[in-house]
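Fold and contact review
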Amino acid sequence: VSSGVDELDNLLGGGPASGTAMLVIGPSGAGKSTVAMAYAAASAKRGNPAAVYLFDERPTTYITRGDALGMDPSTHIKSGRLMLQQIDPAELSPGEFTQAVRDAVEKAGVGTVVIDSLDGLMLAMPQERHMVLQLHELLAYLGQNTVTTLLTMSQHGLLPGGAAAQETNISYLADTVLLLRYYEHAGEVRRVISCLKKRTGSHEHAIREMAMTS
């Protein structure tokens, strides 16, 4: 599955396999949502409907940022190839969220699902064990229907496989894991991206600098 960005596809050995789940981990502001958005926008551009579920960000901000980066989500939303839904954990139960995703797949033919972020999903399921079980079932269902899933998750600290992934025990559910980090150079804060894991094939082991521009 292509992201529409050649360098990112090369980093992932061509991209995640269709029907698998990819986890994008990194500190706040590192670009997790933007990387996930690239896959959703590329899927919609290919004519394969995508659904994005936002737990942390307002849709207007998401659309404005995506348009500024050249991903054009506003056009895809108007065409019906991109579904964007803000989820309030206080109003929607975990079971209702799962059903909403199933409806998108079965009724709208969605082939790419973005859950942004798992931190927001955890608020709806405070008991970690129940969240992991429900997420496992949801990912199994999506995989059986050849739906590619992208999950984002905040990481506290800069070490690979940091506290957030360990505490929630969900990194093992993902077939591919991308890590985003910061580093300092010449008085600037810059971003890097690397692939820690890919079950379905080879990937680069390099740490690449990442920039987000128009």
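To be clear, the structure that these remarks concern was listed above.
By convention here, each chain's residues receive numbers from 1 onward along its written sequence. Since the coordinates come from a predicted model, pLDDT governs what is reported: local features require at least 70, and pairs of side-chain atoms require 80 or more to be given and counted, while whole-chain, interface and lining totals use all residues. Excluding hydrogens and water, the side-chain figures rest on all heavy atoms present in the structure.

1. Digging into the sheet that holds strand 5 (residues 148-154)
Strands pair, by our definition, only if DSSP identifies at least two bridges between them. Segments assigned H or I by DSSP are reported as helices when at least four residues long, segments assigned E as strands when at least two residues long, and all are numbered from the N terminus. Overall, mixed pairing links the eight strands, which are arranged 3-2-4-5-1-6-7-8 in an open sheet. The open sheet has two free edges, formed respectively by strand 3 (82-86) and strand 8 (208-210), since each of these has just one partner strand. Strand-to-strand twist in this sheet, taken as the mean axis angle between neighbours without regard to direction, amounts to 20 degrees. Pairing of strand 4 (residues 112-116) with strand 5 involves four bridges; the strand directions are parallel. Across the sheet, residue Val114 finds its bridge partner in strand 5, namely Leu150. Strands strand 1 (21-26), strand 2 (50-54), strand 3, strand 4, strand 5, strand 6 (176-185), strand 7 (188-198) and strand 8 of the sheet are contacted by helix 2 (residues 32-45), whose axis makes an angle of about 165 degrees with strand 5. Fitting a line to C-alpha atoms yields each axis, with helices limited to the stretch in contact; the angle taken between N-to-C directions then spans 0 to 180 degrees. Contact criterion: two residues are considered in contact whenever any of their non-hydrogen atoms come within 4.5 Å of each other.

2. Notes on the packing of helix 2 against helix 3 (residues 59-68)
One way to put it is that helix 2 packs onto helix 3 with a least axis distance of 11 Å and a crossing angle of 70 degrees. With respect to each other, helix 2 and helix 3 are oriented roughly perpendicular. Seen from helix 2, the contacting residues are Ser33, Thr34 and Met37; seen from helix 3, they are Tyr62, Arg65 and Gly66. For this classification, the nonpolar set comprises Ala, Val, Leu, Ile, Met, Phe, Trp, Tyr, Cys and Pro, the charged set comprises Asp, Glu, Lys and Arg, and every other residue, Gly included, is treated as polar. Considered class by class, the residues forming the contact of helix 2 with helix 3 number two nonpolar, three polar and one charged. Here the angle decides the label: under 35 degrees means roughly parallel, over 145 means roughly antiparallel, 65 to 115 means roughly perpendicular, and every other value means oblique.

3. A few points about the pairing of strand 5
Note on exposure labels: buried denotes an accessible area under 20% of the residue type's maximum, exposed denotes more than 50%, and partly exposed covers the range between, all computed with a 1.4 Å probe on protein chains only. Counting buried positions along strand 5 gives six out of seven residues, so the element sits mostly inside the fold. As paired strands, strand 1 and strand 5 are joined by six bridges and run parallel to one another. Within strand 5, the residue paired with Ala21 across the bridge is Thr149.

4. A closer look at the pairing of strand 7
Across 10 bridges, strand 6 lies against strand 7 in antiparallel orientation. Within the sheet, the bridge partner assigned to Glu184 lies in strand 7 and is Val189. With antiparallel pairing between neighbouring strands as the criterion, strand 6 and strand 7 make up a hairpin whose turn holds two residues, including Ala186 at a positive phi of roughly 50 degrees. The sheet contact formed by strand 7 and strand 8 spans three bridges and is antiparallel.

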